[in-house]
Amino acid sequence: METRSDKSIILSAKSLFKTYGKGEAAVHALSDVSLDIYEGELLVILGSSGSGKSTLLNMLGGMDKPDSGSITIGGRELSKLRDRELTRYRRDDVGFVFQSFNLIAELTARENVAMTAETSKGGDIVREMLELVGLGHKLDSYPTQMSGGEQQRVSIARALAKDPRLLLCDEPTGALDYETGKQILIALEKLCREHGKTVVVVTHTQEIGRMADRVIRMRSGRIIECSVIESPVSAEIMEW
Ligand code: ADP
Ligand code: MG
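The following refers to the structure shown. (Residues numbered from 1 in each chain as written. Chains lettered and ligands numbered in written order. Predicted model: local features only at pLDDT ≥ 70, side-chain atom pairs only at ≥ 80, totals over all residues. Heavy atoms only, no water.)

Let us look at the packing of aromatic side chains. Per the counting criterion, the structure on display carries 2 aromatic pairs. With a centroid separation of 4.6 Å and an interplanar angle of 50°, the aromatic rings of Tyr178 and Trp240 are classed as tilted. With Tyr178 in helix H6 (residues 178-193) and Trp240 in the segment after strand E10 (222-228), this pair connects stretches of sequence that are 62 residues apart. Residue classification places Tyr178 among the partly exposed positions, given a relative accessible area of 30%. The exposure class assigned to Trp240 is partly exposed, which follows from its relative accessible area of 31%. (Phe/Tyr/Trp six-rings, centres within 6.5 Å; stacked < 30°, edge-to-face > 60°. Helix = DSSP H or I, 4+ residues; strand = E, 2+ residues; numbered from the N terminus. Buried < 20%, exposed > 50% of the residue type's maximum accessible area, 1.4 Å probe, protein only.)

Take a look at the structure:
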């Protein structure tokens, strides 16, 4: 696997295995998956449906546990954390963006984002994050009053409000039309390139890999290729 000596590793996963079910029905969702994530990179994980992408992302986010293997971040190995520490890791260190937005319908954009904001930072950070994703004018809108793309941007703002070490996005454009999906990718790119965030995007759309610093390709629970993109294409001009 290629290495980038100019960047520091913030997460290191070693030989992850995960099998669902037993015997004949066993599904090897992950088989010997190892990867490093570099600080400030835009990493795209590509693979067709069922290749193990969500399983991997959930493990990196501490939402699921591997059968074996290790995930180390900030000098801590996730499998060695107590439940309470793992909960704190999930809550404070990783931001999740899902295909389905997962906003709370009864809360406004501001309130949805405030749920994860550090209380010490209060309302400023909520407004700041919504402005960062271009929704400064929608602070008091409810999810039903927003388009899919706007809702997804609220969910990105919500993930960012806790200032996570890692932003993990599982098919973030999967439920959106082309133009709206593009706006989301532009927003994620900006977070990485201008704000130094470490962003991981899981997708089955091959072309999205062109905007990445690195692409990891999965098939049947294995990493089959890892490549460094020397000149990433900006999401603005990328087409798929
Ligand atoms: P992807 O996100 O790339 O579509 P997943 O990680 O969701 O793939 O799934 C990988 C494989 O593991 C698939 O064959 C899927 O059916 C299986 N799988 C995922 N989660 C479960 C589960 N909770 N129980 C049983 N099988 C599962
Ligand atoms: Mg998936």
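Looking now at the side chain of Glu171. Tracing the sequence through the fold places Glu171 in the loop between strand E7 (166-170) and H6. At a separation of 3.1 Å, a polar atom in the side chain of Glu171 contacts the side chain of His204. Leave out the neighbours within four places in its chain, and Glu171 touches Lys53, Gln99, Val202, Thr203 and His204. (Polar contact = N/O pair within 3.5 Å; in protein donor to acceptor, adjacent residues only side chain to side chain. Contact = heavy atoms within 4.5 Å.)

Burial of nonpolar side chains together is a common tendency in soluble globular proteins. Core analysis: the largest hydrophobic core is formed by 42 residues, its most contacted members being Leu130, Val154, Ile156, Leu167, Leu188 and Val199. Contributions of two or more residues to this core are made by strand E3 (42-46), helix H3 (109-114), helix H4 (122-132), helix H5 (148-160), E7, H6 and strand E8 (199-203). Looking at this core, the element that brings in the most residues is H6, giving 6 residues. Ignoring any residue separated from it by four or fewer positions in sequence, one finds Leu188 in contact with Ile156, Leu167, Cys169, Pro172, Val199 and Val201. The next biggest cluster of nonpolar side chains, apart from the first, holds 29 residues, and it includes Ala13, Ile37, Met59 and Ile73. (Core = buried A, V, L, I, M, F, W, Y, C linked by side-chain atoms within 4.5 Å.)

This part takes up the site of ligand 1. The local shell around ligand 1 consists of Tyr20, Val27, Ala29, Ser48, Ser49, Gly50, Ser51, Gly52, Lys53, Ser54 and Thr55. Between ligand 1 and Lys53, the relevant distance is 2.8 Å, taken from an oxygen atom to a side-chain nitrogen or oxygen of the residue. Within the contact set of ligand 1, an oxygen atom lies 2.5 Å away from a side-chain nitrogen or oxygen of Thr55. For ligand 1, whose unbound accessible area comes to 560 Å², protein coverage reaches 58%. Contributing elements (two or more residues each) for the shell around ligand 1: strand E2 (27-38) and helix H1 (53-60). (Near = heavy atom within 4 Å. Areas by Shrake-Rupley, 256 points an atom, 1.4 Å probe, with all protein chains shown as cover.)

A few words on the sheet that holds strand E4 (residues 68-73). As summarised here, the arrangement of the 4 strands in space is E2-E1-E4-E5, forming an open sheet in which the pairing is antiparallel. Strands at the two margins of the open sheet, each flanked by one partner only, are E2 and strand E5 (76-77). (Pairing = 2+ DSSP bridges.)

Right, let's get into H1. Along H1, 6 of the 8 residues are buried, which leaves the element largely enclosed by surrounding structure. For H1, the set of buried residues is Lys53, Thr55, Leu56, Leu57, Met59 and Leu60. Looking at the residues trailing H1, positive phi occurs at Gly62, about 75°.

Looking now at the pattern of salt bridges. In a structure, side chains of opposite charge can pair up when their charged atoms sit close to one another. Summed over all chains, the structure comprises 12 salt bridges. When the shortest N-O distance is used, the salt bridge between Arg214 and Glu41 registers 2.8 Å. Taken together, the residues Arg214 in strand E9 (residues 214-219) and Glu41 in the loop between E2 and E3 connect sequence positions 173 residues apart. The class of Glu41 is buried, set by a relative accessible area of 1%. The partner of Asp140 in a salt bridge is Arg110, with the nearest N and O atoms 3.1 Å apart. In this pair, Asp140 sits in the loop between H4 and H5 while Arg110 sits in helix H3, placing the two residues 30 residues apart along the sequence. Assessed through its relative accessible area of 51%, Asp140 is described here as exposed. Taken together, the salt bridges that share partners define one network made up of Arg76, Asp93 and Arg165. (Salt bridge = Lys/Arg side-chain N within 4 Å of Asp/Glu carboxyl O.)

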